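Okay, here's what each chain looks like letter by letter:
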Protein chains: 2
Amino acid sequence: MGEVSERERKIVVAVDEGEESLYALSWCLKNVIFENSKDTLILLYARPPRPIYTAMDGTGYLFSADIMATLDRYSYDVAEAVVEKAKRLCKHLNNVKVETRVESGDARDVICQMVEKLGADILVMGSHGYGPIKRAFIGSVSNHCAKSVKCPVLIVKKPKNSSHT
Amino acid sequence: MGEVSERERKIVVAVDEGEESLYALSWCLKNVIFENSKDTLILLYARPPRPIYTAMDGTGYLFSADIMATLDRYSYDVAEAVVEKAKRLCKHLNNVKVETRVESGDARDVICQMVEKLGADILVMGSHGYGPIKRAFIGSVSNHCAKSVKCPVLIVKKPKNSSHT
């Protein structure tokens, strides 16, 4: 472990509304993060892009500016809540730098682009990589990212009946 | 890291003839293994099952017992060479137990079954999970295992122009 503690690793953890991503974060904190290292932990949240909301309107009507603003506000609130919850799990880390990033866009694109941009040493994510609403796409985000990013990818599944704390 | 060093983790690393799996092992040694922990590292090699050799004979002729014995011998030699090479990468580990397993069968089945049987805490593998001969199945082994096993899966890609040492 000598080699590791001496260099700064950038660890990106993709977090979302689902419990699984918080479990993945907890697992990473216990098994990958070296407390006394110079590791930087980046908690990344991908905020769904607007077209997802407009697509909700299947009637041909357009949402009013008011409704759009409300939806945007809600989206920001969700992002903040997720990121805050994730940050709380990291509060025991003394030496590790913890950063948060909220980026708007499709989770697959956001995660792959940020991993590249930040020059991450490892990407950690739940096996779904999306909140419960998107469970239809099971595995598609983690699968896509595992194929696309150049750095090692750690995919964590939440065991049944386990808490992330 | 306190919690980790106190318990024994079982880390399964799938190794094969390809350079990538040795790179994955090296990466794991530097980034996941805690030297002073009670971690057990299990180097797992899946030896191709016999049907792969018999399938080489597309002519309708059967291989003689001699040829079969030679092929089996070759297969054992390859297994031993791979496992020995992997073990050498681990020789600096003082406290970590290093075990090797060679199991006959399709890599996907062997890896998933052993991870389950051993109660592994993490599975580490290259993104191909097969030697160069099977590159046609790119990603299929790691993808299959990431979906099937219950424990966290770390998929490591070998960067271009890098050595595993």
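The rules behind these values
Here the residue numbering is sequential within each chain, running from 1 through the sequence in written order. Here every chain gets a letter starting at A, and every ligand a number starting at 1, in the order they are written. It should be noted that, the model being predicted, local features are given only for residues of pLDDT at least 70 and side-chain atom pairs only at 80 or more, the latter also being counted only at that level, while totals for whole chains, interfaces and linings use all residues. Each side-chain value is derived from all of the structure's non-hydrogen atoms; neither hydrogens nor water enter the calculation. Residues belong to a common nonpolar core when they are buried Ala, Val, Leu, Ile, Met, Phe, Trp, Tyr or Cys residues joined through side-chain atoms within 4.5 Å. Burial classes: relative accessible area under 20% of the type maximum marks a residue as buried, over 50% as exposed, and values in between as partly exposed (1.4 Å probe, protein chains only). Contacts are residue-level and defined by heavy atoms, with any inter-residue pair within 4.5 Å sufficient. As used here, buried area is the combined drop in accessible area, with a 1.4 Å probe, of two parts when they are placed together. Throughout this description, the term salt bridge denotes a Lys or Arg side-chain nitrogen within 4 Å of a carboxyl oxygen of Asp or Glu. Any pair of nitrogen or oxygen atoms within 3.5 Å is treated as a polar contact; in protein, a donor-acceptor pairing is required on top of that, and neighbouring residues in sequence qualify only through side-chain atoms on both sides. The numbering of helices and of strands both runs from the N terminus, where a helix is a DSSP run of H or I of at least 4 residues and a strand a run of E of at least 2. Three classes are used, and their members are as follows: Ala, Val, Leu, Ile, Met, Phe, Trp, Tyr, Cys and Pro are nonpolar, Asp, Glu, Lys and Arg are charged, and the others, Gly among them, are polar. Only strands that DSSP links by at least two bridges are regarded as paired with each other. Here the copies were fitted onto each other by least squares, based on C-alpha atoms from residues at pLDDT of at least 70 in both. Note on terminology: disulfide denotes any pair of cysteine sulfur atoms within 2.5 Å. The convention used is that axes are lines fitted to C-alpha atoms, helices contributing only their stretch in contact, and that angles between N-to-C directions extend from 0 to 180 degrees.

- Looking up chain A in an unreviewed UniProt entry gives the name Universal stress protein A-like protein isoform X2, with the organism given as Cucumis melo.

**Here we look at the nonpolar core**
In step 1: Leu41 of chain A together with Leu41 of chain B are the most contacted members of the largest nonpolar core, which has 56 residues in total.
In step 2: Other than its neighbours up to four places away in sequence, Leu41 of chain B contacts Ile11, Val13, Leu25, Leu29, Ile33, Cys90, Leu93, Val96, Lys97, Val98 and Glu99 of chain B.
In step 3: Counting residues in each nonpolar core, the second largest holds 44 residues, with Cys145 of chain A together with Leu44, Ala46 and Val110 of chain B among its members.

**Focus: the interface of chain B and chain A**
In step 1: Contact with chain B, which involves 26 residues of that partner, is made by 26 residues of chain A.
In step 2: Counting the surface lost from both chain B and chain A, the interface buries some 2,200 Å², and carbon and sulfur atoms represent 52% of this.
In step 3: Linking chain B to chain A there are zero salt bridges.
In step 4: Inspection of the chain B/chain A interface yields ten residue pairs in polar contact (both at pLDDT 80 or more).
In step 5: The set of elements that each furnish at least two residues to the side of chain B that touches chain A consists of helix 1 (2-6), helix 2 (19-31), helix 6 (140-148) and strand 5 (153-156) of chain B.
In step 6: Of the residues assigned to the side of chain B that touches chain A, the class counts are 14 nonpolar, three polar and nine charged.
In step 7: The pairing of strand 5 (residues 153-156) of chain A with strand 5 of chain B spans three bridges and is antiparallel. By the bridge assignment, Leu154 of chain A is partnered in strand 5 of chain B with Leu154 of chain B.

**Focus on the side chain of Asp39 of chain A**
In step 1: Relative to the helices and strands, Asp39 of chain A resides in the loop between helix 2 (19-31) and strand 2 (40-47).
In step 2: There is a polar contact of 2.9 Å between the side chain of Asp39 of chain A and the side chain of Arg9 of chain A.

**A few points about the relation of the copies chain B and chain A**
In step 1: With an RMSD of 0.0 Å, the fit of chain B onto chain A corresponds to turning through 180 degrees and sliding 0.0 Å along the axis. These values place the two chain copies in the arrangement generated by a two-fold rotation axis. Proximity to the rotation axis, assessed at the C-alpha, singles out Leu154 of chain B in chain B; its C-alpha lies 2.1 Å from the axis.

**Examining the state of the cysteines**
Residue and element names in this part refer to chain A.
In step 1: Enumeration according to the criterion identifies zero disulfides over all chains in this entry.
In step 2: Cys145 forms no disulfide, and the closest cysteine sulfur to it belongs to Cys112, at a distance of 3.8 Å.
In step 3: Under the relative-accessibility criterion, Cys145 is labelled buried at 0%.

**Looking at the sheet that holds strand 1 (residues 10-15) of chain B**
In step 1: Taken together, the ten strands give an open sheet; going across it, the order is 3(A)-2(A)-1(A)-4(A)-5(A)-5(B)-4(B)-1(B)-2(B)-3(B), and neighbouring strands pair in mixed fashion. Among the strands making up the open sheet, the edge pair consists of strand 3 (97-104) of chain A together with strand 3 (97-104) of chain B. Strand after strand, the sheet turns through a mean of 20 degrees between neighbouring axes, direction not considered.
In step 2: Sheet contacts for helix 6 (residues 140-148) of chain A: strand 4 (122-126) and strand 5 of chain A together with strand 5 of chain B; angle to strand 4 of chain A, the most-contacted strand, approximately 165 degrees.

**Re the pattern of salt bridges**
All names here are of chain A.
In step 1: Counted under the stated rule, the structure contains 14 salt bridges over all chains.
In step 2: The partner of Asp39 in a salt bridge is Arg9, and the shortest N-O contact between them spans 2.9 Å. Placement of the pair is Asp39 in the loop between helix 2 and strand 2 and Arg9 in the loop between helix 1 (2-6) and strand 1 (10-15), with a sequence separation of 30 residues.
In step 3: Exposure remark for Asp39: the relative accessible area of 0% places this residue in the buried category.

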